[in-house]
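Structural description and commentary
These are the residues of each chain, in order.
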Amino acid sequence: MFHTWEGIVLKSFPYSETHKIVTIFTTEAGKLAAMARGASKPSSKLAAMTQPFVKGQFLLRTGRGMATLHQAEMIDSQRHIRSDLTAMAYASYLVELIDKLTEEYDERTKGVYTLLNDALHALNEGESPGAITLFVEWQMLPVAGIQPQIHCCASCGSTEGAFSFSFQQIGFLCEQCVSIDPHAYPLHPGLLRLIRTMSLVPIHEIGTLHLKQETIQLLQRIVRTIYDEQVGVWIKSRKFLEQLDTLPPLSGQSPHK
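The numbering scheme is per chain: residues are counted from 1 as the chain's sequence reads. The predicted origin of the model limits local features to residues at a pLDDT of at least 70 and limits the giving and counting of side-chain atom pairs to 80 or more, whereas totals for whole chains, interfaces and linings rest on all residues. With hydrogens and water set aside, each side-chain value is computed from the structure's full complement of heavy atoms.

Looking now at the pairing of strand β1 (residues 2-15). One bridge is not enough; two strands pair if DSSP finds at least two bridges between them. Comment: elements are numbered from the N terminus, with helices defined as DSSP H or I runs of at least four residues and strands as E runs of at least two. Where β1 and strand β4 (residues 55-61) come together, seven bridges link them in antiparallel fashion. The residue bridging W5 from the neighbouring strand is F58, located in β4. In the sheet, β1 pairs with strand β2 (residues 19-26) via eight bridges, with the strands oriented antiparallel. Within β2, the position partnered with P14 by the bridge is K20.

Attention now goes to the nonpolar core. Put simply, buried Ala, Val, Leu, Ile, Met, Phe, Trp, Tyr and Cys residues joined by side-chain atoms within 4.5 Å make one nonpolar core. Burial status follows relative accessibility: with a 1.4 Å probe on protein chains alone, a residue under 20% of its type maximum counts as buried, one over 50% as exposed, and anything between as partly exposed. Counting residues in each nonpolar core, the largest one holds 57 residues, and the members touching the most others are V136 and W138. Contributions of two or more residues to this core are made by β1, α2 (85-101), α3 (112-124), α4 (129-140), β6 (163-166), β7 (171-174), α5 (189-200) and α6 (213-231). Sequence-distant contacts of W138, that is, excluding residues within four places in its chain, are made with F165, I195, M198, S199, L219, I222, V223 and I226. Judged by nonpolar contacts, the second largest core, of 16 residues, contains V9, L46, L60 and A67. For this analysis, residues touch if any pair of their heavy atoms sits within 4.5 Å.

Of all seven residues that make up strand β3 (residues 30-36), seven are buried, and the element is covered over most of its length. Sheet analysis places β2 next to β3, joined by seven bridges and oriented antiparallel. Bridging across to β3, I21 finds its partner in M35. The turn joining β2 and β3, which pair antiparallel and follow one another in sequence, is formed by three residues. Both β3 and strand β5 (residues 67-76) contribute to a ladder of two bridges, which runs parallel. Residue M35 lies in a different strand from β5, and its bridge partner there is T68.

The phi dihedral of Y105 falls on the positive side, at around 55 degrees, and the residue is not glycine. Among the structural elements, Y105 can be located in the loop between α2 and α3. Here the phi dihedral of I170 falls at roughly 50 degrees; this positive angle occurs in a residue that is not glycine. Here I170 is to be found in the loop between β6 and β7.

Spatially, the five strands close up into a barrel ordered β1-β2-β3-β5-β4, and their pairing is mixed. Adjacent strand axes in the sheet meet at a mean angle of 50 degrees, parallel and antiparallel pairs treated alike. Axis definition: a line fitted to C-alpha atoms, limited for helices to the stretch in contact. Angles are taken between N-to-C directions and run from 0 to 180 degrees. The strands that α2 touches are β1, β2 and β3; relative to β1, the one it contacts most, it runs at about 105 degrees. Against the sheet, α3 touches β1, β2, β4 and β5, its axis set at about 65 degrees to β1.

Let's shift gears to a nonpolar patch on the surface. Distance thresholds for patches are 9 Å for like charges and 5 Å for nonpolar side chains (Val, Leu, Ile, Met, Phe, Trp, Tyr), applied to residues having over 30% relative accessible area and no salt bridge. Accessible surface is estimated by sampling points in the Shrake-Rupley manner with a 1.4 Å probe; for residues, cover comes only from the protein chains shown. The salt bridge criterion pairs a side-chain nitrogen of Lys or Arg with a carboxyl oxygen of Asp or Glu, the two atoms within 4 Å. Together, L85, F240 and L244 make up an exposed nonpolar region whose accessible area comes to about 270 Å². Residue placement: L85 occurs in helix α2.

A few words on the side chain of K20. Within the fold, K20 resides in strand β2. Charge assignment in this entry is limited to Lys and Arg as positive and Asp and Glu as negative, and neither His nor the chain termini are counted. Here K20 is buried and forms no salt bridge, its nearest opposite-charge partner E17 lying at an N-O distance of 15 Å. The term polar contact refers here to a pair of N or O atoms within 3.5 Å; inside protein, the definition further demands a hydrogen-donor-capable atom paired with an acceptor-capable atom, and it admits residues adjacent in sequence only when both atoms are side-chain atoms. One polar contact links K20 to T50, side chain to side chain, over a distance of 3.2 Å. Beyond its immediate chain neighbours, meaning those up to four positions away, K20 contacts S12, F13, P14, Y15, A34, M35, A36, A39, S40, A47, T50 and Q51.

The final tally for this structure, using the stated rule, is nine salt bridges. Linking K55 and E6 is a salt bridge whose minimum nitrogen-to-oxygen distance equals 3.9 Å. Here E6 lies in strand β1 and K55 lies in strand β4, a separation of 49 residues in the sequence. Several salt bridges converge on common partners, so that one network encompasses E137, R224, D228, R238 and E242.

All right, on to the environment of L69 then. Within the fold, L69 resides in strand β5. In sequence terms L69 and L85 are 16 residues apart; their C-alpha atoms lie 29 Å from each other. Ignoring sequence-local partners within four residues, the contact set of L69 consists of V22, A34, M35, A36, L46, T50, F58, L59 and L60.

Okay, here's the thing in structure tokens:
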């Protein structure tokens with residue numbers, strides 16, 4: 001059966017001397033892998049369309065076995081991402097994270113397409129890569145099976161007063177309950193609002209977001225600790241990101257130790 005679906009290329013790799021296997025996140029089917037015959041040839045019309053981050057319309061044949069990519073039409077090549085080392089590093093991390101956290105043909109993850117599309121568009125427009133990446137990291141946690149309690153105290157349900165973030169409870173703890181986790185990290189009201197915004201609000205509704213580097217680093221440290229301790233996926237491209245911008249630990253030590 002043939003389908004024409006909008007999609008974004010997550011990755012591709014050679015298969016024999018002339019073919020490629022390309023992984024595309026589509027609007028309709030979620031993630032899928034497809035054989036792109038002849039795409040490794042420089043003269044192939046599919047050569048440019050099977051590069052990571054490319055957004056296009058893809059004519060795919062699905063059925064038994066792996067899908068086949070027959071034709072593709074460019075929507076956006078993400079030129080800025082390709083020409084800027086930092087933007088490319090963050091984009092690589094985002095597509096790898098999404099690839100690791102999703103399964104093929106899983107309709108429950110179709111909504112991830114909008115998140116990915118918004119993130120790459122913002123990066124391509126020159127928005128803060130650190131801030132954009134935080135939106136993706138926080139909003140992918142439920143896809144990974146983690147639901148941080150960010151609306152109220154994870155212990156008593158209180159919505160009043162000051163809160164801390166507990167890696168033990170995977171959520172906020174109020175002043176009355178914070179003693180159950182001696183390593184909970186205090187959060188000022190601005191950080192609480194940012195965590196809620198990044199977890200719930202679509203990127204395209206935000207506009208330009210200006211955050212201090214210290215704030216970005218702190219929020220990265222929190223969300224990546226959740227991934228490390230609760231999800232356990234290893235993202236190869238994350239190491240390069242952290243070489244670009246070393247992340248200091250909370251209070252001079254790991255927040256959970």
